[in-house]
Amino acid sequence: MEEKRVGYCLIGFGGMGKWHTEILAGVPQIRLAGIYDIEKEKRKKAEEAGFRVYGSEEEALADDSVEVVLVATPNDSHMPIALRAMKAGKHVILEKPAVLSSRELKELERIARETGKFLTVHQNRRWDEDFLMIHKLLEEQDLGRVFRIESRVHGSRGIPGDWRKEKAHGGGMVLDWGVHLLDQILCLTGERRLETVYASLTNITNQEVDDGFTAVLRFEGGLEVLVEVATNNFISLPRWYVLGENGTAVIEDWDLSGRIVKVSEDEKDVVPVRTAAGLTKTMAPRREDTIREEELPQVSGDIADFHRNVAAVLREGVEPAVKLSEVRRVMRLMETIFRSAKQDQVLEFENRRV
Ligand SMILES: NC(=O)c1ccc[n+]([C@@H]2O[C@H](COP(=O)([O-])OP(=O)(O)OC[C@H]3O[C@@H](n4cnc5c(N)ncnc54)[C@H](O)[C@@H]3O)[C@@H](O)[C@H]2O)c1
């Protein structure tokens, strides 16, 4: 009987590789045929965990039961492994960031077209519940016209691990976390043109690559988005802060705590607040009877949907959840962020409509 399940081979059994095996265990449409890691120690660990382990990449690529190669190795090795895999007749899923430049991505896309292989990228944070909450909030237009979104992740331990600190391996926080947060923002804003980009990088704990960045993205229609990744912050700012004409939403942290505050009626008699230098009505807290607090929208996300989609793309011809056109746009945005930071200038991204 023809095997209906999609055969995967995992290359790279580090932190993310291991996480993939846990997710895949819950996806019956996929069969993990085996694992290859360049390090003997990691191969041993994979074997001990009960997986079939290949002795070399060639052996993995020669396995006829493998249709898809899932690449979870350091960023600079994605490109050569993907090229070899597609040339060996395999579809490819790359961990984020797909590759290190638009030029590399273009080449990879060319080979995908030539070999007729499916190529996609594991942008798994599209299934994060905090992101899905903001997505739903914007879709329901609950806050009125949204004019500002702030998306942040703040850590306090610098850049983790080893290769993430090195340029040659595609290290740095723009490529590591930025790629997720920027992908999320471009998903939220959809067809809206991203008109200009201004960014700065930080090098507090590491001089070779950025250990954080702030990017200000201005979209058509007056929406401004701030995206920030930081790794030396001992007090974190909220994960999301969304400002609309009729209300504000905040998601504090990964635990999804947060709230929405909306205007319920006009405030006629504002009670001023006393500050050291004098009274202010402008900055006085809102009177309780003129605002309404609401809970954040209920959502549920399942990261395994990424792999279910890959199986459905290959078996049923459905649309990929993560399209190469989207990957291309995020890659170009990361490059623009690096250029803007280097030149200390606001850069145009997509032409304004005339
Ligand atoms: N999508 C996500 O949420 C997410 C999270 C973490 C990491 N990642 C991505 O996953 C990839 C791996 O990150 P990680 O944190 O697991 O790193 P890691 O250092 O923990 O693991 C990388 C593994 O790849 C192996 N390796 C290196 N070169 C290889 C090669 N040429 N062939 C086979 N194996 C090789 C290493 O021995 C190591 O075991 C990166 O691209 C990273 O950006 C994605």
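Small disclaimer: the values here were computed from a predicted structure and weren't measured.

**Describing helix 1 (residues 15-24)**
Right, on to step 1. When we look at burial in helix 1, the residues that qualify are G17, H20, T21, I23 and L24. Around the axis of helix 1, the buried residues are gathered within 165° of arc, so they sit on the same side. Exposed and oriented more than 90 degrees from the buried face of helix 1 are G15 and E22.
Right, on to step 2. Those residues of helix 1 that are buried are in contact with strand 1 (6-11), strand 2 (30-36), strand 3 (68-71), strand 4 (91-95), strand 5 (119-122) and helix 8 (305-316).

**Overview of the packing of aromatic side chains**
Right, on to step 1. Under the criterion given, the structure shown has three aromatic pairs.
Right, on to step 2. Arranged with centres 6.2 Å apart and planes meeting at 65°, the rings of F13 and F51 form a pair that is edge-to-face. A residue pair is termed long-range when its members are at least 10 positions apart, and F13 in the loop between strand 1 and helix 1 and F51 in the loop between helix 2 (40-48) and helix 3 (57-62) qualify at 38 residues.
Right, on to step 3. On the basis of an interplanar angle of 85° and a centroid distance of 6.1 Å, the ring pair of W127 and F306 is categorised as edge-to-face. Of the two residues, W127 sits in the loop between strand 5 and helix 6 (129-139) while F306 sits in helix 8, which places them 179 residues apart along the sequence.
Right, on to step 4. Owing to a relative accessible area of 15%, W127 belongs among the buried residues under this scheme.

**Focus on the pairing of strand 7 (residues 194-202)**
Right, on to step 1. Note: strand 7 against strand 8 (residues 212-219), eight bridges, orientation antiparallel. What sits directly across from L194, in strand 8, is F219.
Right, on to step 2. With two bridges connecting them, strand 7 and strand 16 (residues 347-348) associate as antiparallel partners. Each bridged residue has a counterpart across the sheet, and for V197 the counterpart in strand 16 is L347.

**Looking at the domain arrangement of the protein chain**
Where interface size is given, it is often the accessible area lost as the parts come together that is meant.
Right, on to step 1. The assigned domain composition of the protein chain is domain 1 (2-122) and domain 2 (127-256 + 296-301 + 333-348).
Right, on to step 2. Taking only C-alpha atoms into account, the centre of domain 1 sits 28 Å from that of domain 2.
Right, on to step 3. Across the boundary between the two partners, domain 1 contributes eight residues, which contact ten residues of domain 2.
Right, on to step 4. For the domain 1 and domain 2 pair, buried surface summed over both sides reaches about 790 Å², with 53% attributable to carbon and sulfur atoms.
Right, on to step 5. Inspection of the domain 1/domain 2 interface yields one salt bridge.
Right, on to step 6. Along the lines of polarity and charge, the residues of the side of domain 1 that touches domain 2 split into three nonpolar, three polar and two charged.

**Here we look at the site of the ligand**
Right, on to step 1. Taken together, the neighbourhood of the ligand is formed by 25 residues, with M16, D37, N75, K96 and N124 sitting nearest.
Right, on to step 2. A distance of 2.6 Å separates an oxygen atom of the ligand from a polar atom in the side chain of D37.
Right, on to step 3. N124 places a side-chain nitrogen or oxygen 2.7 Å from a nitrogen atom of the ligand.
Right, on to step 4. Starting from 850 Å² of accessible surface for the ligand in isolation, the protein chains cover 84%.
Right, on to step 5. Among the secondary structure elements, those contributing two or more residues to the shell around the ligand are helix 1 and helix 4 (78-87).
Right, on to step 6. Partitioned by chemical class, the residues of the shell around the ligand number ten nonpolar, nine polar and six charged.
Right, on to step 7. Two domains each put at least three residues into the shell around the ligand: domain 1 (2-122) and domain 2 (127-256 + 296-301 + 333-348).

**As for the sheet that holds strand 11 (residues 247-251)**
Right, on to step 1. The strand order 15-12-11-10-6-9-8-7-16 describes an open sheet built from nine strands, whose pairing is mixed. With one partner strand each, in any of the chains shown, strand 15 (291-294) and strand 16 form the two edges of the open sheet.
Right, on to step 2. By the bridge criterion, seven bridges tie strand 6 (residues 146-154) to strand 9 (residues 223-230) in an arrangement that is parallel. If you follow S151 over to strand 9, its bridge partner there is V227.
Right, on to step 3. Packed on one face of the sheet, helix 6 meets strand 6, strand 10 (240-244), strand 11 and strand 12 (258-263) and runs near 5° to strand 10.
Right, on to step 4. In the packing of helix 9 (residues 324-343) onto the sheet, the strands contacted are strand 7, strand 8 and strand 16, and the crossing angle to strand 7 comes to about 60°.

**Examining the nonpolar core**
Right, on to step 1. In this structure, Y8, L94, L108, I185, L217, L333 and I337 are the most contacted members of the largest nonpolar core, which totals 93 residues.
Right, on to step 2. A per-element tally of this core places helix 7 (residues 173-189) first, with nine residues.
Right, on to step 3. Residues lining this core come from more than one domain, with at least three contributed by each of domain 1 (2-122) and domain 2 (127-256 + 296-301 + 333-348).
Right, on to step 4. The contacts of I337, once residues within four sequence positions are left out, are V174, L182, V197, A199, L201, F213 and A215.

**Some thoughts on helix 5 (residues 102-115)**
Right, on to step 1. With 14 residues, helix 5 ought to run about 20 Å at 1.5 Å a step, and its terminal C-alpha atoms sit 20 Å apart, in line with that.
Right, on to step 2. Residues of helix 5 that are buried in the fold lie against helix 4, strand 4, strand 5 and helix 9.
Right, on to step 3. Following helix 5 by one or two positions, G116 adopts a phi angle in the positive range, close to 70°.

Thresholds applied
- Position numbers for residues count from 1 along each chain, tracking the sequence in the order it is written.
- Given that the model is predicted, a residue must reach a pLDDT of at least 70 before its local features are reported, and side-chain atom pairs must reach 80 or more before they are shown or counted; all residues, however, enter totals for whole chains, interfaces and linings.
- Heavy atoms throughout the structure, all of them, feed into the side-chain values; hydrogens and water do not.
- Exposure is judged per residue with a 1.4 Å probe applied to protein chains only, and the accessible area is read against the type maximum: over 50% gives exposed, under 20% gives buried, and values in between give partly exposed.
- Secondary structure elements follow DSSP: runs of H or I of four or more residues count as helices, runs of E of two or more count as strands, with numbering from the N terminus.
- Picture the helix axis, draw a direction to every C-beta atom, and the arc is the one those directions span.
- A contact between two residues is defined here by any heavy atoms of the two lying within 4.5 Å.
- The pairing test for Phe, Tyr and Trp rings, Trp by its six-membered ring, is centres within 6.5 Å, and the orientation test on the planes gives stacked under 30 degrees, edge-to-face over 60, and tilted for anything in between.
- When DSSP locates at least two bridges between a pair of strands, those strands are taken to pair.
- How far each domain reaches was decided by an automatic or database domain assignment.
- Once two parts are joined, some of their accessible surface, as seen by a 1.4 Å probe, is lost; buried area is that loss totalled over both.
- For this analysis, a salt bridge means a side-chain nitrogen from Lys or Arg found within 4 Å of a carboxyl oxygen belonging to Asp or Glu.
- Any residue that is not Ala, Val, Leu, Ile, Met, Phe, Trp, Tyr, Cys, Pro, Asp, Glu, Lys or Arg is counted as polar, Gly included; the first ten are nonpolar and the last four charged.
- Here, proximity means that at least one heavy atom of the residue falls within 4 Å of the molecule or strand.
- Polar contacts, as used here, are pairs of N or O atoms within 3.5 Å; protein pairs need one atom able to donate a hydrogen and one able to accept it. Residues neighboring in sequence count only if both atoms are side-chain atoms.
- Using a 1.4 Å probe, the Shrake-Rupley method yields the accessible areas, and only the shown protein chains count as cover for residues.
- With axes taken as lines fitted to C-alpha atoms, and helix axes fitted only over the stretch in contact, angles between N-to-C directions fall between 0 and 180 degrees.
- Each nonpolar core is a collection of buried residues, namely Ala, Val, Leu, Ile, Met, Phe, Trp, Tyr and Cys, held together in the definition by side-chain atoms within 4.5 Å.
- Expected span of a helix: the number of residues minus one, times 1.5 Å.

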